[in-house]
Each structure stands twice: as structure tokens, then as C-alpha cells.
Amino acid sequence: FVSVASHELRTPLAAIKNAVQLMLQGKTGLINENQAKFLSVADRNINRLTSILNSLLDLSRIESKKIEMKFEELVLRSSIEFILSSLKPQADGKSIQLKMEIPEELPSVYGDREKAEQILTNLVGNAIKFTPEGGKISVSAKPFEENGDMVAISVRDSGIGIPEDQLDRIFEKFHQVEDPLRRSITGTGLGLAITKGLVEAHHGKIWVESEVGKGSTFTFTL
Ligand code: ADP
């Protein structure tokens with residue numbers, strides 16, 4: 001039901017987005033500053049709604065095990081470089097430093113490129129979201145100590161951290177940590193549930209270590 005409903009909702013939403021865009025670009029006639037302001041509010045919320053629907057679709061595919069994997073040989077360095085450069089404008093906006101630490105001889109892994117990049121986007125995106133201005137984020141990768149056939153990829157941030165009693169629960173769908181520090185940060189609580197599902201579809205695992213006020217490190221294996 002969720003899958004069909006989110007799919008059906010996306011089509012009219014795309015038409016609304018298109019109409020709002022045409023008005024914003026002045027293609028339907030001149031608009032004044034005030035109208036542009038309200039249309040931009042509509043536009044941002046259409047984007048938010050589209051992203052929630054996409055998350056619901058992803059989650060329903062994961063839960064019904066209908067997720068299609070396209071495995072190929074992945075060079076992690078290029079995927080990580082690509083994701084970091086896509087998210088750089090967001091990090092720059094908060095003066096956050098993004099770093100990559102990968103040894104030259106890191107073996108390539110077997111994975112689904114798009115989904116591996118979605119995992120990285122979610123984790124680095126969260127790191128940016130939950131790290132105050134001037135912080136640091138680094139993405140590292142190395143052979144996994146417990147299993148030589150796997151690579152462990154970590155996203156470390158110097159952000160607000162996660163209380164110990166919440167560490168297991170943050171991977172549950174719709175779970176969000178409640179505290180005053182996070183009140184102004186929006187989200188759906190679906191990102192980490194999807195991320196975990198995508199890691200598990202690769203037969204990998206994901207875990208987090210964190211200290212409140214110091215930062216968090218999310219690690220997953222591929
Ligand atoms: P959301 O859409 O709320 O970001 P997620 O599933 O991605 O949902 O994350 C769940 C919760 O875990 C977030 O609401 C946040 O409180 C916490 N969280 C996730 N990543 C981090 C991080 N890097 N630092 C601190 N808290 C985090």
C-alpha cells in the first residue's frame with residue numbers, strides 16, 4: 001500500500017512542481033517580489049515532500065525485499081570523492097571541513113554503485129546536519145579487521161553526538177532523538193533505517209560510536 005500510494009502521489013506532485021517553477025521563472029507573466037517569496041516557500045516544500053515520498057518508496061522496497069541490486073566492481077575512492085564534492089556546497093555553507101582518508105592500496109569492493117553512494121550521501125548529509133559551524137568531517141576506508149574480504153568505511157564528525165541510550169534506536173524507522181539542540185533540525189527519521197537496509201542488502205553491517213558534544217562515527221562494511 002505504501003509503495004503504491006507514494007508512487008501515485010509523486011505524479012501530481014511533479015506537475016505541481018512544474019507549474020510553480022514556470023511561475024517562478026516568470027514564464028507565466030511577471031510576478032512581484034512577494035509572490036516570488038511565497039512561490040519559493042511552496043517550491044521548497046514540494047522538494048521536501050518529494051524527498052519524503054522517495055524515502056517511503058525506498059523503505060517499502062527494502063522491507064518487502066523487492067530491492068534490486070546491480071552488483072559491480074566498485075572503486076570506493078571515486079564514489080567517496082564524488083559524494084564529497086556533491087555535498088561540499090552544503091558543508092561550505094557551515095564552514096565545515098570535509099576530508100578523505102583512504103590508503104592507496106585499498107582493494108575495490110563488490111557493490112551496487114547507486115546504493116553505495118546513497119549510503120554515503122545519507123551518512124555525510126547527516127554529519128553535516130548535526131555538526132555546528134566550523135566543524136570537521138572525515139570519510140575513511142580500510143580493510144575490515146574482522147573479515148579480510150570486506151572494507152570498512154567510516155564517516156566521522158565533530159558534531160553534537162548521540163546520547164548513549166539512543167545509539168541502538170536511531171536505526172529504527174521514524175526514530176528521532178528528542179533534545180533541544182536538535183529542535184531546529186528537520187528530518188523524517190527514515191534516513192538511517194534506509195541506510196541500514198541498503199548496507200544489509202550488500203550483506204554488510206553498520207554501527208555507530210558517539211559521545212555527546214564530541215561527535216559521532218558511523219561505520220559500515222561492504
Ligand atoms: P533524520 O531524517 O531525522 O535525520 P535519520 O534516520 O537520518 O533521520 O537519523 C535519525 C536520528 O539520528 C536523527 O534525528 C538524529 O537525531 C540522529 N543522528 C543521525 N546522524 C547523526 C549524527 N551524525 N550526529 C548526531 N545525531 C545524528
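Worth saying up front: this structure is predicted, and the values here are computed from it rather than measured. Chains are numbered independently. Their residues run from 1 in the order of the written sequence. Only residues with pLDDT of 70 or above have their local features reported here, since the model is predicted, and side-chain atom pairs are shown and tallied only from 80 upward, although totals for entire chains, interfaces and linings are computed over all residues. Hydrogens and waters are ignored; side-chain quantities use all the structure's heavy atoms.

J.: Would you mind going over the packing of aromatic side chains in detail, with residue names and values included?
T.: Each aromatic ring pair is specified by the distance between its two centres and by the angle formed by the two planes. A pair of Phe, Tyr and Trp rings is counted when the ring centres sit within 6.5 Å of each other, with Trp represented by its six-membered ring. The angle between the planes then sorts it: under 30 degrees is stacked, over 60 is edge-to-face, the rest tilted. Inspection of every chain in the model, using the stated rule, returns three aromatic pairs. Plain terms: the ring middles of Phe71 and Tyr110 are 5.3 Å apart, the flat faces sit at 15° to each other, and that makes the pair stacked. With Phe71 in strand 1 (residues 71-74) and Tyr110 in strand 3 (residues 109-112), the pair connects residues that are 39 residues apart, well separated along the chain. Classification of residues uses two cut-offs on accessible area relative to the type maximum, computed with a 1.4 Å probe and protein chains only: under 20% is buried, over 50% is exposed, and between them is partly exposed. Using a relative accessible area of 32% as the deciding quantity, one classes Phe71 as partly exposed. A relative accessible area of 59% means that Tyr110 is categorised as exposed. Each ring, one from Phe171 and one from Phe218, has its centre 6.1 Å from the other, and the planes form 75°; the classification is edge-to-face. On the criterion of sequence distance, the pair formed by Phe171 in the loop between strand 5 (151-157) and helix 5 (191-201) and Phe218 in strand 7 (residues 215-221) is long-range, its members being 47 residues apart. By relative accessible area, which is 12% here, Phe171 ends up buried. Here Lys205 stacks its cationic end above the ring of Trp207, 5.7 Å away from the centre of that ring. Runs of E in the DSSP output that reach at least two residues are strands. Runs of H or I that reach at least four are helices, and both are numbered from the N terminus. Lysine and arginine charges are scored as sitting over a ring when NZ or CZ, respectively, is within 6 Å of the ring centre and within 35 degrees of the ring normal.

J.: With reference to specific residues and values, describe helix 1 (residues 2-24).
T.: End to end, helix 1 covers 32 Å across 23 residues, agreeing with the expected 33 Å (1.5 Å per residue, within 8%). Along helix 1, the residues classified as buried are Ser6, Leu13 and Val20. Only heavy atoms enter the contact rule, under which two residues are in contact if any of them lie within 4.5 Å. Next to the buried residues of helix 1 lie helix 2 (33-63). Positive phi appears at Gly26, one or two residues downstream of helix 1, with a value of about 75°. By this rule the span expected of a helix is its residue count minus one, scaled by 1.5 Å.

J.: Got a sec to walk through the nonpolar core? Specific residues and values, please.
T.: As used here, the term nonpolar core means buried Ala, Val, Leu, Ile, Met, Phe, Trp, Tyr and Cys residues forming a set that is joined through side-chain atoms within 4.5 Å. By size, the foremost hydrophobic cluster in this structure holds 42 residues, and its most contacted members are Ile80, Ile153 and Phe220. Contributing elements (two or more residues each) for this core: helix 2, helix 3 (76-92), helix 4 (113-129), strand 4 (136-143), strand 5, helix 5, strand 6 (206-211) and strand 7. Counting residues per element, this core draws most heavily on helix 4, at seven residues. Dropping the residues within four chain positions of it, Phe220 is found in contact with Ile119, Leu120, Leu123, Val151, Ala152, Ile153, Val199, Lys205 and Ile206. Core analysis: the second largest hydrophobic core is formed by five residues, Val20, Leu39, Ile46 and Leu53 among them.

J.: Describe in detail unusual backbone geometry, supporting the description with residues and values.
T.: Phi angles above zero are rare outside glycine, and Lys65 is one such case at about 55°. In this structure, Lys65 sits in the loop between helix 2 and strand 1. Positive phi outside glycine occurs at Ser95, with the angle close to 50°. Assignment of secondary structure puts Ser95 in the loop between helix 3 and strand 2 (97-101).

J.: Can you tell me about the site of the ligand, naming the residues and giving the values?
T.: Throughout this document, a residue counts as near a molecule or strand when at least one of its heavy atoms sits within 4 Å of that molecule or strand. The local shell around the ligand holds 20 residues, among which Asn126, Asp157, Gln176, Thr188 and Leu192 are the closest. Between the ligand and Lys129 there is a distance of 2.9 Å, counted from an oxygen atom to a side-chain nitrogen or oxygen. The contact in question runs from an oxygen atom of the ligand to an N or O atom on the backbone of Gly189, over 3.0 Å. Reported accessibility uses the Shrake-Rupley method at a 1.4 Å probe radius. Residues are deemed covered only where the shown protein chains occlude them. For the ligand, the protein covers 97% of the area, taking 540 Å² as the surface of the free molecule. Cavities and pockets are defined on a 1 Å grid built over the protein atoms alone: a cavity is a set of grid points where a 1.4 Å probe fits but cannot escape, while a pocket is an open set with protein on both sides within 12 Å along at least five of seven lines, and lining residues are those with an atom within 4 Å of any such point. To qualify as sitting in a cavity or pocket, a molecule needs more than half of its atoms within 2 Å of the grid points. Here the ligand occupies the largest pocket. Elements supplying a minimum of two residues to the shell around the ligand: helix 4, helix 5 and strand 7. Ranked by residues supplied to the shell around the ligand, first place goes to helix 4 with three residues. Residue classes follow a fixed rule: Ala, Val, Leu, Ile, Met, Phe, Trp, Tyr, Cys and Pro count as nonpolar, while Asp, Glu, Lys and Arg count as charged, and any other residue, Gly among them, counts as polar. Of the residues contributing to the shell around the ligand, the split by class is eight nonpolar, nine polar and three charged. Side-chain atoms alone can form a polar contact between residues adjacent in sequence; in general such a contact is a pair of N or O atoms within 3.5 Å, and within protein one must be able to donate a hydrogen while the other accepts it.

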